[in-house]
Amino acid sequence: MIRAYLIERKSWLFMFAIAQVLVLLIAYLDYAIPLEPLLYIVFLTTLLFIIFLTWRYKKETSFIKRLQDWENSLDVSGIGEASSPFERAIEQALTDQTNRLQQLASQQQIALEQEKDELLSWIHEVKTPLTAMHLMIGRLGDEALKASLTFEWLRIHHLLDQQLHQQRLPSIENDIFIENVDLEPLLYMEIKSLQSWCMQKGIGFDVQLDAAQALSDAKWLAFIIRQILTNAVKYSDKHAPDMIVRSFSQDERVVFEVADFGRGIDSKDLPRIFDKGFTSTTWHQDSAATGMGLYLARKAAHSLHIRISVQSEVGNGTTVTLYFPKPNELVRLTGV
């Protein structure tokens, strides 16, 4: 700060030095003026100038220091009162700018909430004809056509469900209810929803649930498992070996695994699979991928204190593992 202040006031320092040199030069050139008294005067004025400069440094930099320590927020009260006209001008400019930013942020927040409400309303409106369409598809006699239409209906249904949960994620803390969730009925419900897709691909499930229950929120856990199963089915080839779904206890925590034998994930892509919008570098041309499933699953899992781990090898499939929290780790979460 001292160096910056001296650079800021270099014109003062230069002007004072010039004045002092000029006085000494005049005394040197004019023999009628004694040099020693002038040297004493120059010494005293220099000392006085240093004291003045120190006082001005403390006074002028206090406002700047408050600006540096000021948190980057929309509250200017933390800056403190300005003590000079220039400081008051800066303070007024900051206040005006902050007020404009607050108004803009408020308008944008209102517009965002309105857009979110409209989108949620649209999703719920679309669900009605989608349900009617599913009933109509179920009455079709042509099994091949029925299976094809059911598959396309399922894709639309999952995309809408994904969008619905994406809109709810910012307020997930208000929608969490921790309880002992029975994994078997929850898992079979999600598998049943994928039944037509699995039949079309000729893929089955080998379920081994040694741990029957886990502490979590049933609705959001179902969403996480849904994203994992959907990815497993989507990226498995036709008539691939049955996917293995198992649960077990390990170090006082429940572990849930879904292993498929699909195309797998390249090692260079593994660190990025949870990034928003990331699909793949190996199969970048795949237009069916949205890059949102694992991103949303991890965000929901983080709020439930569930850790997600992925191991994969190209051509040999992928294993996604959920590590549920220990009971004592959920004390704070259940208090929400």
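Residues numbered from 1 in each chain as written. Predicted model: local features only at pLDDT ≥ 70, side-chain atom pairs only at ≥ 80, totals over all residues. Heavy atoms only, no water.

Enquirer: Explain the overall build of the protein chain to me, please; I cannot follow it from the model alone.
Expert: The number of helices and strands found in the protein chain is ten helices and seven strands. By residue count, 36% of the 336 residues in the protein chain fall in the buried class. Summarising the internal contacts of the protein chain: among those between residues at least 6 apart in sequence, 70% fall at separations of at least 24. In the structure as shown, the protein chain presents an accessible area of about 20800 Å², 58% of it carried by carbon and sulfur atoms. (Helix = DSSP H or I, 4+ residues; strand = E, 2+ residues; numbered from the N terminus. Buried < 20%, exposed > 50% of the residue type's maximum accessible area, 1.4 Å probe, protein only. Contact = heavy atoms within 4.5 Å. Areas by Shrake-Rupley, 256 points an atom, 1.4 Å probe, with all protein chains shown as cover.)

Enquirer: What exactly am I supposed to notice about the pattern of salt bridges here?
Expert: In this structure the tally under the stated criterion is six salt bridges. One salt bridge in this structure joins R246 and E257, with 2.9 Å as the shortest N-O distance. Of the two residues, R246 sits in strand β4 (residues 243–250) while E257 sits in strand β5 (residues 253–259), which places them eleven residues apart along the sequence. Owing to a relative accessible area of 31%, R246 belongs among the partly exposed residues under this scheme. Since its relative accessible area comes to 15%, E257 is described here as buried. (Salt bridge = Lys/Arg side-chain N within 4 Å of Asp/Glu carboxyl O.)

Enquirer: It is not clear to me how unusual backbone geometry should be interpreted in this structure. Could you clarify?
Expert: A negative phi holds for most residues other than glycine; trans holds for most peptide bonds. Phi is positive for H239, which is not a glycine, with a value near 60°. Inspection of the secondary structure assignment puts H239 in the loop between α8 (218–234) and β4. Notably, H305 is not glycine yet its phi reads approximately 65°, a positive angle. Mapped onto the elements, H305 comes out in the loop between α9 (293–303) and β6 (307–313).

Enquirer: Where do I start with α8 in this structure?
Expert: In an α-helix, one turn spans 3.6 residues, which is why side chains three or four residues apart end up on the same side. The end-to-end C-alpha distance of α8 is 24 Å, a good match for the 24 Å that 17 residues give at a rise of 1.5 Å each. Burial runs high along α8: 14 of the 17 residues are buried. Two or three places before K219, at the start of α8, stands the capping residue D217, its side-chain oxygen 3.2 Å from that residue's backbone nitrogen. (Expected span 1.5 Å × (residues − 1). Polar contact = N/O pair within 3.5 Å; in protein donor to acceptor, adjacent residues only side chain to side chain.)

Enquirer: Got a minute to help me understand the sheet that holds strand β2 (residues 205–209) in this structure?
Expert: Strand pairing in a sheet relies on backbone hydrogen bonds, with the paired strands running either antiparallel or parallel. Pairing is mixed across the open sheet formed by five strands, whose spatial order is β2-β4-β5-β7-β6. Here the strands that pair on one side only, and so sit at the sheet edges, are β2 and β6. The mean angle between the axes of side-by-side strands here comes to 15°, regardless of whether they run parallel or antiparallel. Bridge analysis of β2 against β4 gives five bridges, and the strand direction is parallel. Within the sheet, the bridge partner assigned to F205 lies in β4 and is M243. In this fold helix α6 (residues 183–193) packs onto β2, β4 and β5, with an angle of close to 170° to the strand it touches most, β2. (Pairing = 2+ DSSP bridges. Axes fitted to C-alpha atoms, helices over the stretch in contact; angles between N-to-C directions.)

Enquirer: Is there a simple way to explain the pairing of strand β7 (residues 317–323) in this structure?
Expert: Consecutive side chains of a regular strand alternate in pointing toward one face of the sheet and then the other. Across the seven residues that make up β7, a large majority, six, are buried. Bridge count for β5 against β7 is five bridges, and the pairing is antiparallel. Bridge pairing links V255 to Y323 in β7. Direction of pairing for β6 relative to β7: antiparallel, over a ladder of seven bridges. What sits directly across from Q311, in β7, is T319. Turn length for the β6-β7 hairpin, with the two strands adjacent in sequence and antiparallel, is three residues, and the turn residue G315 shows positive phi of about 85°.

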